[in-house]
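Examining the three-dimensional arrangement
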Amino acid sequence: MSDAESGLPNAEEKWLGGPPWLHNAYSTLGVPMGAKWPEVVAAHQMLVAKHHPAKNPGDMRTLKLMKNINLAFSRLRELYGEALVRSITLQVLREFKVV
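The rules we used
Residue positions are counted from 1 within each chain, in the order its sequence is given. Local features are withheld for residues below a pLDDT of 70 in this predicted model, meaning they are given only at 70 or higher, and side-chain atom pairs are given and counted only at 80 or more; totals for whole chains, interfaces and linings count all residues. Heavy atoms throughout the structure, all of them, feed into the side-chain values; hydrogens and water do not. Geometry is summarised by axes, namely lines fitted to C-alpha atoms with helices restricted to the contacting stretch, and by angles between N-to-C directions that run from 0 to 180 degrees. Counting from the N terminus, the helices are DSSP H or I runs at least four residues long and the strands are E runs at least two residues long. For classification purposes, angles smaller than 35 degrees are called roughly parallel, those larger than 145 roughly antiparallel, those between 65 and 115 roughly perpendicular, and all remaining angles oblique. Should the near helix be turned anticlockwise from the far one by less than a right angle, the crossing is termed left-handed; should it be turned clockwise, right-handed. In what follows, a contact means two residues having at least one pair of non-hydrogen atoms within 4.5 Å. The buried label goes to any residue with under 20% of its type's maximum accessible area, the exposed label to any with over 50%, and the partly exposed label to all in between, with areas taken from a 1.4 Å probe on protein chains only. Stacked, tilted and edge-to-face are the three classes assigned to paired rings of Phe, Tyr and Trp, where Trp is represented by its six-membered ring and a pair needs centres within 6.5 Å; plane angles under 30 degrees give stacked, over 60 edge-to-face, the rest tilted. To estimate the expected span of a helix, count its residues, drop one, and scale the result by 1.5 Å.

We now examine the packing of helix 3 (residues 20-29) against helix 5 (residues 60-80). How two helices sit against one another is set out by the angle between their axes and by the gap between those axes. Packing of helix 3 against helix 5 leaves a shortest axis separation of 9 Å and a crossing angle of 120°. Classified by the angle their axes make, helix 3 and helix 5 are oblique. Seen along the crossing, helix 3 lies across helix 5 with a hand that is left-handed. On helix 5, the residues touching Trp-21, Leu-22, Ala-25, Tyr-26, Thr-28 and Leu-29 of helix 3 are Asn-68, Ile-69, Ala-72, Phe-73, Arg-75, Leu-76, Leu-79 and Tyr-80.

Right, here's the structure in full:
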């Protein structure tokens, strides 16, 4: 049975726009595909502040959500490259007056 007969997208359509984990990472952080790194960092910080387990003690849903948020951020950090990440993260932290 071909992909067309099964109703499944062909290999080209499956990867159009990037692999599923990439879409999930951007979606989890609530930023559009291809967002600039400062947007990704800001979204991550906002989500961590909002859903931190210390603010929701004993809530297992929060722990799972934070795990997903941090995994998404980690994957995007690898994608954007460590050198670029260090440089721009420092700029963002300075902008938010964290450093």
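Before going further, it helps to spend a moment on the environment of Val-92. Mapped onto the secondary structure, Val-92 falls in helix 6 (residues 82-95). The class for Val-92 is buried, based on a relative accessible area of 4%. Here the alpha-carbon distance between Val-92 and Pro-38, two residues 54 residues apart in the chain, equals 6.4 Å. Setting aside its immediate chain neighbours within four residues, Val-92 contacts Pro-38, Val-41 and Gln-45.

So, on to the packing of aromatic side chains. All chains considered together, the criterion is met by two aromatic pairs. On the numbers, 5.0 Å between centres and 45° between planes, the contact of Trp-37 with Tyr-80 is tilted. Of this pair, Trp-37 sits in helix 4 (residues 37-51) while Tyr-80 sits in helix 5, placing them 43 residues apart in sequence. Residue classification places Tyr-80 among the buried positions, given a relative accessible area of 18%.

One full turn of an α-helix is made of 3.6 residues, so residues set three or four places apart face in the same direction. Given a rise of 1.5 Å per residue, 21 residues ought to cover 30 Å, and the 30 Å separating the end C-alpha atoms of helix 5 matches this to within 8%. Of the residues making up helix 5, those classed as buried are Thr-62, Met-66, Ile-69, Ala-72, Phe-73, Ser-74, Leu-76 and Tyr-80. Downstream of helix 5 by a residue or two, Gly-81 has a phi angle that is positive, lying close to 95°.

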